[in-house]
Amino acid sequence: IVMTRNEDYPVNPLGPEAGPSYMAGLEHVVISHYSDSASTRLALEKGEIDTTLGKGIARADTVDIAANPDMNYVFVPGVSAQQNLHMNYGDEFAPLNDTRVRQAIQHLVEPEEIIDALMFGTATIAHSPVRPFQFYFKPVLKPIRDLPEAERIQKAKDLLAEAGYADGFTTQFWYPAGSGEEFSRDVGTILQAQLARAGITIELKFIERGTFYDMARAGELPMFLRGWTYDYYDPDTELFYQMHSSSVDLAKRIQFNVSEIDDMLEEARNTYMAAKGDGAYPSGDPAIEARRDEIYTYLQDYIVEAGFSVPLYYDGFYDAHNAWVK
């Protein structure tokens, strides 16, 4: 695809910060598609392309590229999908509907192992579904993950014993076939080993992609991964779609319905929209901001207190370009 500069396109007289600008010396841009990331890397190293775009290189290649003096590696942390392990509250998936079991799983899962084994420095640990640069962020999982491994495993065993599963139990982790299948399987394999330390057995199940999503929407999957992107800095952009009972994106898929949570999410969303309607955010009203802080702090604490989900990692954007690109 060759994109040619439109000489008649209006240029903002206030400069590039204000709108469209004119770049001298750049008359066209050629966009090339490669069937696999290895071919993209080879084209970059041979100088056939100037830069990659949108995770065009493999995660495993980023380490070598970052160390290459002829390349400039760019990594922007935390702005891509925020990945979670979700568990279904349905009675048919017991004991996953028991808060103590869900908390035990939170104690057993170690996202750092997933990041180290599979992400090659392209992701960071998520201690909350809210991102560190968003308003009202609280790293609610960090106190658990800072505990020594032996202490976390023993706490998980104690929680399982209290719930009546001292010898563990068996459940399933589902993922779709096709694109990303190997990565999801590898994550599942790591989770298998981590949960087995307290006697929890996970069966890995994969199925055709369309069927997987049909089953997910119907609330028929016990455990699965779901990544969340964000559209604005407020936690509403992610938490509403995960926790509000009306959400077909997640709450209905895991059979989660708590009226108190709905009320808080709606209140926080309404005050956000009111502030945006005035063209100001944050609102500038100390009482509103204090209340919204209270709500989102409560909701993040609820993630742990109810064992709602297991935040795993914040994915990042990464690209590389040749050193001559300025």
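Structure: above.
Scoring rules and cut-offs
- Residues numbered from 1 in each chain as written.
- Predicted model: local features only at pLDDT ≥ 70, side-chain atom pairs only at ≥ 80, totals over all residues.
- Heavy atoms only, no water.
- Helix = DSSP H or I, 4+ residues; strand = E, 2+ residues; numbered from the N terminus.
- Buried < 20%, exposed > 50% of the residue type's maximum accessible area, 1.4 Å probe, protein only.
- Contact = heavy atoms within 4.5 Å.
- Areas by Shrake-Rupley, 256 points an atom, 1.4 Å probe, with all protein chains shown as cover.
- Lys, Arg positive; Asp, Glu negative; His and termini not counted.
- Charge placed at Lys NZ, Arg CZ, Asp CG, Glu CD.
- 1 Å grid on protein atoms, 1.4 Å probe; cavity = no way out; pocket = protein on both sides within 12 Å on 5 of 7 lines; lining within 4 Å.
- Points joined across faces, edges and corners; volume = space filled by probe spheres on them.
- Patch = residues over 30% accessible without salt bridge, like charges linked within 9 Å, V, L, I, M, F, W, Y side chains within 5 Å.
- Salt bridge = Lys/Arg side-chain N within 4 Å of Asp/Glu carboxyl O.
- Core = buried A, V, L, I, M, F, W, Y, C linked by side-chain atoms within 4.5 Å.
- Polar contact = N/O pair within 3.5 Å; in protein donor to acceptor, adjacent residues only side chain to side chain.
- Expected span 1.5 Å × (residues − 1).
- Arc of directions from axis to C-beta.
- Pairing = 2+ DSSP bridges.

A. Quick look at the overall build of the chain. Secondary structure summary: the chain contains eleven helices and ten strands in total. Across its three principal directions, the C-alpha atoms of the chain cover 70 × 50 × 40 Å. When each of the 326 residues of the chain is scored for burial, the buried share is 44%. In the chain, the proportion of contacts linking residues at least 24 apart, taken out of those at least 6 apart, comes to 76%. Surface summary for the chain: the accessible area is close to 16,300 Å², and the carbon and sulfur share equals 53%. Counting 27 positive and 50 negative side-chain charges, the chain places the centres of these two groups 2 Å from one another.

B. Region of interest: the layout of surface pockets. Considered as a void within the structure, the largest pocket measures approximately 940 Å³ in volume. Lining the largest pocket we find 33 residues, and of these Gln83, Ser179, Gly180, Phe183 and Ser184 sit closest to its centre. Listed by contribution, the elements that provide at least two residues to the lining of the largest pocket are strand E6 (169-176), helix H7 (181-196), helix H8 (209-217), strand E8 (223-228) and strand E9 (309-315). In terms of residue count, H7 provides more of the lining of the largest pocket than any other element does, five residues in total.

C. Highlighting a nonpolar patch on the surface. Taken together, the side chains of Ile1, Met3, Met23, Leu26, Val29 and Ile31 define a hydrophobic patch exposed on the protein surface, amounting to about 580 Å² of accessible area. Relative to the helices and strands, methionine 23 resides in the loop between strand E1 (2-4) and strand E2 (28-30). For methionine 23, a relative accessible area of 53% puts it in the exposed group.

D. Examining the nonpolar core more closely. Within the largest apolar cluster, 34 residues are counted, with the highest numbers of intra-cluster contacts made by Leu85 and Ile105. Counting 32 residues, the second largest nonpolar core, distinct from the first, contains Val140, Ala216, Phe256 and Tyr302.

E. Examining the environment of alanine 150 more closely. By the secondary structure assignment, alanine 150 is in helix H6 (residues 149-162). Put simply, alanine 150 and arginine 197 are 47 residues apart on the chain and 9.9 Å apart in space, counted from C-alpha to C-alpha.

F. Up close: the side chain of serine 245. In this fold, serine 245 is placed in the loop between helix H9 (236-243) and helix H10 (259-277). Side chain to side chain, serine 245 and aspartate 262 meet in a polar contact 2.5 Å long. Excluding residues within four positions of it along the chain, serine 245 makes contact with Ala251, Lys252, Phe256, Asn257 and Asp262.

G. Fine view of H6. An ideal rise of 1.5 Å per residue puts 20 Å on 14 residues; H6 measures up with 20 Å between its terminal C-alpha atoms. Within H6, burial applies to Arg152, Ile153, Ala156, Leu159 and Leu160. Buried residues along H6 cover an arc of 125 degrees about the axis, so they all sit on one side. Residues of H6 that are exposed and point more than 90 degrees away from the buried face comprise Ala150 and Glu162. Here the buried face of H6 lies against helix H3 (99-108), helix H5 (142-145), E6 and strand E7 (200-207).

H. Expanded view of the pairing of strand E4 (residues 82-87). Summarising burial for E4: six of the six residues are buried, a large majority. Where burial is concerned, the two faces of E4 agree: the one with Gln82, Asn84 and His86 and the one with Gln83, Leu85 and Met87 are both buried. Where E4 meets E8, six bridges bridge the pair, whose relative direction is antiparallel. Bridge pairing in E8 places asparagine 84 opposite arginine 226. Two strands pair when backbone bridges link them, and E4 and E9 are joined in this way by five bridges, in the antiparallel orientation. Across the sheet, asparagine 84 pairs through a bridge with proline 311, a residue of E9.

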